[in-house]
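Observations on the three-dimensional arrangement
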Amino acid sequence: MTKTKTAEAAPKALPLNQIMDGDCIEAMQSLPDECIDLIFADPPYNLQLKGALHRPDNSKVDAVDDHWDQFSSFRAYDEFSQAWLAEARRILKPNGAIWVIGSYHNIFRVGAKMQDAGFWILNDVVWRKSNPMPNFRGKRLTNAHETMIWASKSEGGKYTFNYEALKALNEGVQMRSDWVLPLCTGHERLKDENGQKAHPTQKPESLLHRVLIGSTNPGDVVLDPFFGTGTTGAVAKMLGRDFIGIEREENYREIAKKRIAKVRRLDRDSLMVSTSKRAEPRVAFGVLVERGMLRPGEELFSLNGRHKAKVRADGTLVSHDTKGSIHQVGAALEGAPSCNGWTYWAFKQEGKQVPIDVLRQQIRAEMARPGEA
């Protein structure tokens with residue numbers, strides 16, 4: 001009797017756009033290897049608060065004193081960090097990346113464990129709060145910032161960095177590693193049924209907007225293993241990313257579900273961001289000839305008005321005795337070491353000169369809309 005080959009188990013579907021219930025380490029262990037594009041982690045800060053904190057008028061400050069932020073020792077916190085970071089690295093794709101946010105209480109310990117785990121730190125980003133809580137005891141400086149560590153999965157690993165998009169967010173100036181953004185206040189601060197803060201460390205959507213615009217693309221899968229009230233999920237949904245949240249506190253999960261259900265996903269055109277020229281798909285000049293956008297024998301004119309050349313059937317140009325690509329012919333005619341032929345040559349349409357780059361951009365626009373007629 002011949003043995004039948006055992007069918008391979010189908011890969012388990014990811015719980016996309018869902019909030020997983022339970023411990024973050026156990027939940028990540030249920031996910032397959034290399035399935036996540038980006039992790040944003042806001043782990044417990046282990047604040048080590050000693051006693052209640054009061055304002056000058058003796059009113060009590062709603063500080064972080066929840067059980068989930070308490071560890072018996074630094075060693076216990078380090079072991080926890082080592083465990084969840086190991087699972088995070090396992091489920092990240094080879095070109096994935098991770099952001100971890102923390103305060104001075106924990107970020108240096110977490111950073112060391114990240115390096116021990118094999119992550120490669122790309123930047124530390126200072127989130128400078130424009131409206132920080134004062135230091136009521138007056139014995140230390142006001143804690144006006146938190147630190148985020150951005151790291152790739154390994155040294156030399158590829159990762160998404162939308163440089164031009166972040167530059168556009170910053171009014172055309174290169175984005176720096178110090179971000180001035182306000183804390184959650186007003187309408188953004190979620191409240192419980194008693195009118196109290198729903199979560200003590202709710203992050204502003206502006207922070208996640210900048211992280212996701214800069215280091216993910218539409219359709220990417222973003223995991224937040226400390227989901228809380230769902231800021232990561234809300235921003236991911238709005239920006240056309242898929243999310244997976246992990247949260248063990250039921251009341252936080254319920255608040256996050258209601259919050260995310262109200263979020264409207266942006267349309268495709270709104271999700272497009274600025275890209276570098278190098279990131280745009282390459283289009284050969286010959287494609288314009290093949291598609292009849294320019295015809296063999298048609299004349300091109302230099303935008304400075306000094307030269308002209310004829311298009312040949314193989315996508316090259318000829319001008320007098322000079323033959324070659326749009327770049328080579330332009331450089332030779334100008335006596336220059338190089339020339340960008342796309343911005344040098346133009347064709348005539350209804351008596352007006354039109355740069356040939358217009359035709360290239362038409363093709364790129366079509367390439368960005370697969371499946372459309």
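Every chain's residues receive numbers from 1 upward, in the order its sequence appears when written. Selection of residues for local features in this predicted model requires a pLDDT of at least 70, selection of side-chain atom pairs for listing and counting requires 80 or more, and totals for whole chains, interfaces and linings are taken over all residues. The basis for every side-chain value is the complete set of non-hydrogen atoms in the structure, without hydrogens or water.

**Let's talk about the packing of aromatic side chains**
What counts here: Aromatic pairing here means that ring centres of Phe, Tyr or Trp (its six-membered ring) are within 6.5 Å. Orientation follows from the plane angle: under 30 degrees is stacked, over 60 is edge-to-face, and everything else is tilted. Numbering of helices and strands runs from the N terminus; a helix is a DSSP stretch of H or I covering at least four residues, while a strand is a stretch of E covering at least two. Each residue is assigned to one of three classes by its accessible area relative to the maximum for its type, calculated with a 1.4 Å probe on protein chains only: buried under 20%, partly exposed between the two thresholds, exposed over 50%. To sit over a ring, a charge needs its Lys NZ or Arg CZ within 6 Å of the ring centre and within 35 degrees of the ring normal.
The full count for this structure, using the stated rule, is eleven aromatic pairs. Centre to centre, the rings of Trp99 and Trp150 are 5.3 Å apart; their planes meet at 10°, and the pair counts as stacked. In this pair, Trp99 sits in strand 3 (residues 92–102) while Trp150 sits in strand 5 (residues 145–152), placing the two residues 51 residues apart along the sequence. The exposure classification of Trp99 matches that of Trp150, with both residues buried. Relative to Trp342, the ring of Phe285 has its centre 6.1 Å away and its plane inclined at 65°; by these criteria the two rings are edge-to-face. Of the two residues, Phe285 is situated in helix 9 (residues 285–290) and Trp342 in helix 11 (residues 341–344); the sequence distance between them amounts to 57 residues. Each member of the pair Phe285 and Trp342 is classed as buried. Taken together, Trp99, Trp150, Tyr159, Phe161, Tyr163 and Trp179 form an aromatic cluster joined through their ring pairs. Residue placement shows Lys348 over the ring face of Phe301; its charged tip is 4.8 Å from the ring centre.

**Focus: the pattern of salt bridges**
Operational definition: Salt bridge, as used here: a side-chain nitrogen of Lys or Arg that lies within 4 Å of a carboxyl oxygen of Asp or Glu.
One pass over the structure, following the stated rule, counts 16 salt bridges. A salt bridge links Glu299 to Lys308; its shortest N-O distance comes to 3.7 Å. Given the relative accessible area of 29%, Glu299 is considered partly exposed. When its relative accessible area of 46% is taken as the criterion, Lys308 is described as partly exposed. Within the structure, one salt-bridge network assembled from shared partners comprises Asp33, Glu87 and Arg90.

**Concerning the sheet that holds strand 5**
Inclusion rule: Pairing between two strands requires that DSSP report at least two bridges joining them. Fitted lines through C-alpha atoms serve as axes, helices being fitted only where they are in contact, and the angles separating the N-to-C directions of these axes extend from 0 to 180 degrees. A contact between two residues is defined here by any heavy atoms of the two lying within 4.5 Å.
Ordered in space as 1-8-7-2-3-5-4-6, the eight strands form an open sheet in which the pairing is mixed. The open sheet has two edge strands, strand 1 (18–21) and strand 6 (178–181), and neither has a second partner. Sheet twist, expressed as the mean angle between neighbouring strand axes with direction ignored, is 20°. Where strand 3 lies against strand 5, six bridges are found, and the strand directions are antiparallel. Residue pairing across strands places Ile101 opposite Met148, the latter belonging to strand 5. Contacting strand 2 (36–41), strand 3, strand 4 (120–129), strand 5, strand 6 and strand 7 (221–224), helix 5 (residues 205–215) crosses the sheet at an angle of about 140° to strand 6.

**Some details on helix 2 (residues 74–91)**
The periodicity of an α-helix, 3.6 residues per turn, causes residues three or four places apart in sequence to face the same way. Counted only if it meets this: Multiply 1.5 Å by the residue count of a helix minus one, and that product is the helix's expected span.
With 18 residues, helix 2 extends 26 Å between its outermost C-alpha atoms, agreeing within 8% with the 26 Å of an ideal straight helix rising 1.5 Å per residue. Those residues of helix 2 lying buried are Tyr77, Asp78, Phe80, Ser81, Trp84, Leu85, Glu87, Ala88 and Ile91. The elements touched by buried residues of helix 2 are helix 1 (24–29), strand 2, strand 3, helix 3 (107–117) and strand 7.

**Points about the pairing of strand 10 (residues 308–311)**
The pairing of strand 9 (residues 299–302) with strand 10 spans three bridges and is antiparallel. If you follow Phe301 over to strand 10, its bridge partner there is Lys308. Taking the residues that link successive antiparallel strands as the turn, the strand 9-strand 10 hairpin has five residues, and the phi of Gly305 there is positive, at about 80°. Hairpin remark: strand 10 followed by strand 11 (residues 317–319), antiparallel, with five residues in the connecting loop; positive phi at Gly315, about 85°.

**Description of the confidence of the model for the protein**
For any part of a model where pLDDT is low, the fine detail of the predicted coordinates should not be relied upon. The line we're drawing: The pLDDT value expresses, per residue, how confident the predictor is, ranging between 0 and 100.
Summary statistics for the protein give a mean pLDDT of 88 and a share of 88% for residues scoring 70 or more. Across residues 1–7, where pLDDT falls below 50, the model places zero contacts with residues more than four positions away in sequence or in other chains. This model gives residues 49–64 a pLDDT under 50, and the stretch forms 25 contacts once residues within four places in sequence are excluded.

**A closer look at the nonpolar core**
As a reminder of what qualifies: Residues belong to one nonpolar core when they are buried, are Ala, Val, Leu, Ile, Met, Phe, Trp, Tyr or Cys, and are joined through side-chain atoms within 4.5 Å.
Among the nonpolar cores identified, the biggest contains 33 residues, and Trp99, Met148, Trp179, Leu207, Val211 and Leu212 are the most heavily contacted of them. Broken down by element, the residue count for this core peaks at five residues, all from helix 5. Contacts of Met148, omitting those with residues within four sequence positions, involve Phe40, Trp99, Val100, Ile101, Asn123, Asp124, Val125, Trp179, Leu207 and Val211. Grouped together as the second largest cluster of nonpolar side chains are 30 residues, Ile25, Cys35, Trp84 and Ile244 included.

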